[in-house]
Amino acid sequence: MKKLLILLLTIASLPAFPQGFPGGTGAPGNRESALTTLQNAQPKGTSKITGTITDSLSAEPVSYSTVSLVNSETGKTIDGTMANDKGEFALTQIAAGEYTVVISFVGYQDKRITGIRVQKGKDVELGTVQVSVNAHTLEEVKVTGVKALIEEKVDRLVYNAEGDIAAKGGDASDILKKVPMLTVDLDGNVSLRGSSNIRVLINNKPSTIVASSVADALKMIPADLIKTVEVITSPSAKYDAEGTGGIINIITKKSDVQGLTLNVDSGAGLRASNLGLNGNYRNGKFGMTLGGFGRVFYNKSGGTLDQTTFGTTQTRTQQTSSGNDNGLFGRYNLGFDYDISQNQSLSAGIAFGTRNLRRDLDYTTKLFTNNALTSTSLREVDGKDNSNNVDVNLDYIRIFKPRQELYVSTYYSQNNLVNNFDADILTTAGEILSRMQNRNDNTNKEFTVQADFVSPISSNQSFEAGLKGIFRNVNSDYKYLSATGSGSFALDPANPSGFLDYSQNIASGYLSYTYTTANKLTFKLGTRYEYTTIDAQDQIKPITIPSYGNLVPSVNISKSFADNSTLKLAYNKRIQRPGLQQLNPNYNAANPQNISIGNPSLKPEVTDNVELSLSTYAGKNYFNFSVFGRQTHNAVTRITTPSDTLAGAMITTFENIGTQKAAGGNIFGNLYLTPKWTLNGGVDLYYTYMEGQILDATGTARMADNSGFVIGGRLQSQLLLPDNWAVQAFGGFRGKQVQLQGSMGSFYMYSLGIRKEFNNKKGSIGLAAENFLGGMKMNSTVISPLYEQYNRNNIYNQNIKLTFSYKIGKMAFVQKKTRSVKNDDVIGGSAEQ
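Calculation notes
- Residues numbered from 1 in each chain as written.
- Predicted model: local features only at pLDDT ≥ 70, side-chain atom pairs only at ≥ 80, totals over all residues.
- Heavy atoms only, no water.
- Helix = DSSP H or I, 4+ residues; strand = E, 2+ residues; numbered from the N terminus.
- Buried < 20%, exposed > 50% of the residue type's maximum accessible area, 1.4 Å probe, protein only.
- Contact = heavy atoms within 4.5 Å.
- Pairing = 2+ DSSP bridges.
- Axes fitted to C-alpha atoms, helices over the stretch in contact; angles between N-to-C directions.
- Phe/Tyr/Trp six-rings, centres within 6.5 Å; stacked < 30°, edge-to-face > 60°.
- Lys NZ or Arg CZ within 6 Å of the ring centre and 35° of its normal.
- 1 Å grid on protein atoms, 1.4 Å probe; cavity = no way out; pocket = protein on both sides within 12 Å on 5 of 7 lines; lining within 4 Å.
- Points joined across faces, edges and corners; volume = space filled by probe spheres on them.
- Nonpolar A, V, L, I, M, F, W, Y, C, P; charged D, E, K, R; others polar.
- Patch = residues over 30% accessible without salt bridge, like charges linked within 9 Å, V, L, I, M, F, W, Y side chains within 5 Å.
- Areas by Shrake-Rupley, 256 points an atom, 1.4 Å probe, with all protein chains shown as cover.
- Salt bridge = Lys/Arg side-chain N within 4 Å of Asp/Glu carboxyl O.
- Core = buried A, V, L, I, M, F, W, Y, C linked by side-chain atoms within 4.5 Å.

Undergrad: Mind laying out the side chain of Ser 191, listing which residues take part and the relevant values?
TA: One can find Ser 191 in strand E11 (residues 190-192). Judged by its relative accessible area of 11%, Ser 191 falls in the buried class. Excluding residues that lie within four positions of it along the chain, Ser 191 makes contacts with Met 181, Leu 182, Thr 183 and Ser 196.

Written as structure tokens, this is what we have:
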């Protein structure tokens, strides 16, 4: 770690030179001398030349292109600059005269714009400048090129999911497990650098399905529809402050072509099968998308539990479980966009999602008192976890002039959830002793209205400002029923029933300022203020939760070097509000030995983050090295204690009683072993420390702590074969994870896929296998003065699947306008709405 820091600091002290100037090769001293001579020789003026560079076929911005200014009379290059990540450039301090602008970038033909006449004090706007791919390069890409799976933008890391072969026919979790810095456990829970407190966006917008459960939301998004996954570890002030670990933005595919197209994606496997249909229509100013996706899955699960509680008598519980999971997931969407005029546009969309999950589990529980068997019980539990979700958005954008834009966004999301279970308690002979039911209906609503304005101050300065209101309501109605002698069910007085009505309103505003120096040192400074009010009511009385305000600053500094290296330093403050699963006071006793209950009085966590990273290219190969640190106050901690009334049972809830610290680093890269063979992967290593309150042997609360190292990694390779065949292999793991009261065990996963494209790449057929050598097992341990618990989960997720996709329709590329209206935090990212 010390050596890496020394390396980063050493690079930060090196001189930097803009790309594309004469003298750009050779010794650094020669470059600096040439640049100084060039700038001194250039006549100074007050005019500027601006424009935006795009690909002539895809209309995507050609980021970081070199722009040179040539004096038409002498033919000499007198100035130059580099386009930003959006393809925008500005040549400043231009004197009156006639010039030629030359645009160049690797793999593209040089673009020369001649006869540019600049009058004194007047600016020249070139508008959109299209550049064409070099014909020789295009031929090579068509035959042998492999698009990089991992790319780095100015403020985010991007995983190009379209190139993932083995994930076809899967869901979003199959994609995310391959993304650097992310970890997806066997239950589908996602963490970023060890933190599960993350903000997940879908096309730059939140959704109540994500607020309810990230793992369930990922199962509703087909892998075939994901274009990219963006990981933002240090969000700027324009992002919502929520998500202490960072932001994950899932961008789905969208067509920007004229005409009508239809994509069919299907797959059948041992554990899951899917079918998706997606159509796009665009004619002039009007565009429409329509899509649907359905997925059924079937899996087995099971595990063992061995726990011992201490006291005047020692009670030991041994429990085994086995069961089956069956589910149906679907998501359907309809979207429109319309160009009102050249500088105004509207977009709207509606998406509907559904989840029907059934889990049948059989428990066998043995209780021992002072090592003597006292009872054996059998329990059959049929659980239902159903939901339906709707997301609606309406967005407007007005472009006043290049880089000066106003965005107005509205968004509504609602998720209706049903979490029920029926339990039969049996004798060892299989006779029913008693029956009980738990009914829990939840509704999660969210409405957002937002306005954002961005404007340049000068060619190298800009500012952004915005206002936003979020209005949330969560309610939960729960009750227990027990069987009566007549076979009907009535309220069970031995178990709690009640409701929660929880409203949360957030008003926020932000300011952000960006400044870039002549030697490519960029400062992005911002601050955001969020004020939160909460009204909560349970079945007895109102719950008093004070309103609170949070000021969350952010600082991002980056330095670009002439050898395509970038050094970044960032700091930000983030908050994490408790979610529905942590707030819900439903007394969940589906497994009476492990009872869980939420806490509606939870307060938000507050985290400080700092990060230092270096990214560089060696030819086409990309490498990234980063170190980070974070500290969380008021951390929401899971607390487990023995039950006072149920022998051998544990009750788990959540409390704001912890402090968490973490420091570590990431190394990952993308290598081209040959033009047809790529290898990418990385290693994550961090040290974590946490402290919080637990109960000692006398039942008195005391402070406890735990710490340790956590390591994880992933490796992926893709090889293009003759006749449009391709093969891909992936493997990943995460080591033992430290928890306050113990640890969660390690796990690993792997996959292998092969694909054949046909009919001019309109269709493809593939075969993929996941974890085919055996099922997954994960162990966890909890140790405290009051009890010890050892748990093993078995997840039999071996899978072999056959996939098929086909594209129908004739299309022609059109120029794509800048109309990225983005709700929830993101303005000017990579996806259009």
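Undergrad: Describe the sheet that holds strand E7 (residues 124-131), naming the residues involved and giving the relevant values.
TA: Overall, mixed pairing links the three strands, which are arranged E4-E1-E7 in an open sheet. Of all the strands in the sheet, the pair left with one neighbour each is strand E4 (88-94) and E7. Within the sheet, the average angular offset between the axes of one strand and its neighbour, ignoring direction, is 20°. Sheet topology places strand E1 (residues 44-55) next to E7; six bridges connect them, and they run parallel. Within E7, the residue paired with Ile 49 across the bridge is Val 124.

Undergrad: Summarise the pairing of strand E22 (residues 432-458); cite the residues concerned and give the values.
TA: Where strand E21 (residues 404-426) meets E22, 20 bridges bridge the pair, whose relative direction is antiparallel. Considered in E22, the bridge of Ile 425 is made with Ser 434. Counted along the chain from E21 to the antiparallel partner E22, the turn is five residues long, and its residue Gly 430 has a positive phi close to 95°. In the sheet, E22 pairs with strand E23 (residues 461-483) via 22 bridges, with the strands oriented antiparallel. Counterpart to Thr 443 in the pairing with E23 is Asn 475.

Undergrad: Please set out the packing of aromatic side chains residue by residue, giving values where relevant.
TA: Working definition: an aromatic ring pair is given by the centre-to-centre distance plus the angle between the planes. Under the criterion given, the structure shown has 13 aromatic pairs. Ring geometry for Phe 297 and Phe 329: centres 5.5 Å apart, planes at 20°, overall stacked. With Phe 297 in strand E17 (residues 286-309) and Phe 329 in strand E18 (residues 315-341), this pair connects stretches of sequence that are 32 residues apart. The same class applies to Phe 297 and to Phe 329, which are both buried. Ring geometry for Phe 758 against Phe 804: centres 6.5 Å apart, planes inclined by 25°, an arrangement best described as stacked. Taken together, the residues span a long stretch of sequence, with Phe 758 in strand E39 (residues 747-758) and Phe 804 in strand E43 (residues 799-813) at a distance of 46 residues. In textbook terms, an aromatic cluster arises when at least three aromatic residues are bridged by ring pairs, as seen for Phe 400, Phe 453 and Phe 463. The residue whose ring lies beneath Lys 559 is Phe 561, and the NZ or CZ to ring-centre distance is 5.9 Å.

Undergrad: Residues and numbers for the layout of surface pockets, please.
TA: Its boundaries defined by the atoms lining it, the second largest pocket holds a volume of some 510 Å³. Considering the residues around the second largest pocket, the lining is formed by 27 residues, among which Arg 379, Ile 425, Met 436, Pro 592 and Leu 646 are closest to the centre. Secondary-structure elements contributing two or more residues to the lining of the second largest pocket are strand E19 (344-369), strand E20 (372-401), E22 and E23. Among the elements that line the lining of the second largest pocket, the one with the most residues is E20, at five residues. Class assignment of the residues belonging to the lining of the second largest pocket gives a composition of 15 nonpolar, 10 polar and two charged.

Undergrad: Hey, could you go over a nonpolar patch on the surface for me, with residue numbers and the actual values?
TA: A cluster of nonpolar side chains, Leu 270, Leu 721, Trp 725, Ile 754, Phe 758, Ile 765, Leu 767, Ile 800, Leu 802 and Phe 804, forms an exposed patch at the surface whose accessible area comes to about 840 Å². Those elements that provide at least two residues to the nonpolar patch are E39, strand E40 (763-770) and E43. With three residues, E43 is the largest single contributor of residues to the nonpolar patch. Tracing the backbone through its elements, the reader meets Ile 800 in strand E43.

Undergrad: Give a description of the nonpolar core that names residues and reports values.
TA: With 27 residues, the main nonpolar core has Tyr 159, Ile 175, Leu 176, Ile 226, Val 229, Ile 248 and Ile 250 as its most contacted residues. Where this core is concerned, the elements lending two or more residues are strand E9 (157-160), helix H4 (172-176), strand E10 (182-184), E11, strand E12 (199-202), strand E13 (226-232) and strand E14 (247-252). Membership of the second largest hydrophobic core comes to 20 residues, among which are Ile 49, Leu 69, Ile 103 and Val 131.

Undergrad: Just give me the short version of the pattern of salt bridges, but keep the residues and values in it.
TA: Applying the stated criterion to the full structure yields 24 salt bridges. Note that Asp 684 is salt-bridged to Arg 714, the shortest N-O span being 2.8 Å. Of this pair, Asp 684 sits in strand E34 (residues 677-695) while Arg 714 sits in strand E35 (residues 701-721), and the two are 30 residues apart along the sequence. Judged by relative accessible area, Asp 684 falls into the buried class, the value being 8%. Arg 714 sits in the buried class, given a relative accessible area of 8%. Between Glu 757 and Arg 755 there is a salt bridge, with the nearest N and O atoms lying 3.8 Å from each other. By relative accessible area, Glu 757 is classed as buried at 17%. Judged by relative accessible area, Arg 755 falls into the buried class, the value being 13%. In the salt-bridge network here, residues are joined through shared partners; they are Arg 199, Asp 240, Glu 242, Glu 446, Lys 468, Arg 472, Arg 528, Glu 530 and Arg 577.

Undergrad: Could you give an account of unusual backbone geometry, naming the residues involved and the relevant values?
TA: Despite not being glycine, Asn 634 has its phi angle at roughly 60°, a positive value. Overall, the relative accessible area of 29% leaves Asn 634 in the partly exposed class. Of note in the backbone geometry, Lys 761 takes a positive phi value of approximately 65° without being a glycine. Mapped onto the elements, Lys 761 comes out in the loop between E39 and E40.

Undergrad: Which residues make up the environment of Ser 458, and what are the values?
TA: With respect to the helices and strands, Ser 458 occurs in strand E22. Look at Ser 458 and you get partly exposed, because its relative accessible area is 21%. Residues Ser 458 and Ala 90 lie 368 residues apart in sequence; the distance between their C-alpha atoms is 9.4 Å.

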